[in-house]
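Each chain is listed here by its residues.
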Amino acid sequence: EVQFRCGTRRANVRLRDISKFGARVSGVFLVHPDDHFFIKLSGMESIEARVAWVDEFEFGCEFLRPLNDVILENVIQRGRIQRRSPGVCSSGTA
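Sequence order sets the numbering: in each chain, residues are counted from 1 along the sequence as written. Confidence filtering applies because this is a predicted model: local features only for residues at pLDDT of at least 70, side-chain atom pairs given and counted only at 80 or more, and all residues used for totals across whole chains, interfaces and linings. Note: side-chain values were computed over all heavy atoms of the structure, leaving out hydrogens and water.

So, about the overall build of the protein. When helices and strands are tallied, the protein shows one helix and seven strands. Note on definitions: a residue-residue contact is assigned when non-hydrogen atoms from the two residues lie within 4.5 Å. Long-range contacts, defined here as pairs at least 24 residues apart, represent 52% of the contacts in the protein between residues at least 6 apart. Taken as a whole, the protein presents about 6,000 Å² of accessible surface, with 49% of it coming from carbon and sulfur. Secondary structure elements are taken from DSSP: a helix is a run of H or I of four residues or more, a strand is a run of E of two residues or more, and numbering for both begins at the N terminus. The Shrake-Rupley method, run with a 1.4 Å probe, gives the accessible areas here. Residue values count only the displayed protein chains as cover.

Right, let's get into the environment of Glu73. Here Glu73 is to be found in helix α1 (residues 69-79). A residue is classified by how much of its surface remains accessible, and Glu73, at 31% relative accessible area, is partly exposed. Sequence separation between Glu73 and Arg83 is ten residues, and the spatial gap between their C-alpha atoms is 9.1 Å. Relative accessibility thresholds used throughout: buried, under 20% of the residue-type maximum; exposed, over 50%; partly exposed, between the two (1.4 Å probe, protein chains only).

In summary, the side chains of a regular strand alternate between the two faces of the sheet. Here strand β4 (residues 36-41) shows a buried face lined by Phe37, Ile39 and Leu41 and an unburied face lined by His36, Phe38 and Lys40. One ladder, built from four bridges, connects strand β1 (residues 2-6) with β4; its direction is antiparallel. In the strand pairing of β4, Gln3 is matched with Lys40. At least two bridges found by DSSP between two strands is the condition for calling them paired. The antiparallel pairing of β4 with strand β5 (residues 46-55) creates a hairpin that spans four residues between the two strands, and Gly43 there sits at a positive phi of about 80°.

All right, on to a nonpolar patch on the surface then. Taken together, Phe29, Leu30 and Phe57 make up a surface patch of nonpolar side chains, about 360 Å² in accessible area. Tracing the backbone through its elements, the reader meets Phe57 in the loop between β5 and β6 (58-63). The class of Phe57 is exposed, set by a relative accessible area of 53%. Put simply, a patch holds well-exposed residues, over 30% relative accessible area, that have no salt bridge, with like charges counted together within 9 Å and Val, Leu, Ile, Met, Phe, Trp or Tyr side chains within 5 Å. What makes a salt bridge here is a side-chain nitrogen of Lys or Arg within 4 Å of a carboxyl oxygen of Asp or Glu, nothing more.

Attention now moves to unusual backbone geometry. The phi angle at Asp34 is positive, at roughly 80°, despite the residue not being glycine. Mapping Asp34 onto the fold places it in the loop between β3 (22-26) and β4. Backbone geometry places Glu56, a non-glycine residue, at a positive phi of 55°. In this fold, Glu56 is placed in the loop between β5 and β6.

A few words now on the pattern of salt bridges. Close approach of charged atoms allows side chains of opposite charge to pair. A complete count under the given rule lists six salt bridges for this structure. A salt bridge links Glu58 to Arg24, with the shortest nitrogen-to-oxygen separation between them at 3.4 Å. Taken together, the positions of Glu58 in strand β6 and Arg24 in strand β3 put the pair 34 residues apart, joining distant regions of the chain. Neither residue differs from the other here; Glu58 and Arg24 are each classed as buried.

Right under this line is the structure:
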């Protein structure tokens, strides 16, 4: 389970793909580029991030601190999330 929190707004979301620098998230509306928020993965600390791009009900985010490689592998294996190649943005924008 992945939870999104921005101020008082909370929602369960899905990580579509992830890298140590950011992720593609679906299931949240009303976010805007440069919004700051937290993602909480089950059994882990919250991860602070910034919205990089928005496309309807999906957005890309940049983690304020890159994920540790061990944590990244754990997230990918537990959640069966696709690994994103560094430097590749799903929307075609940075």
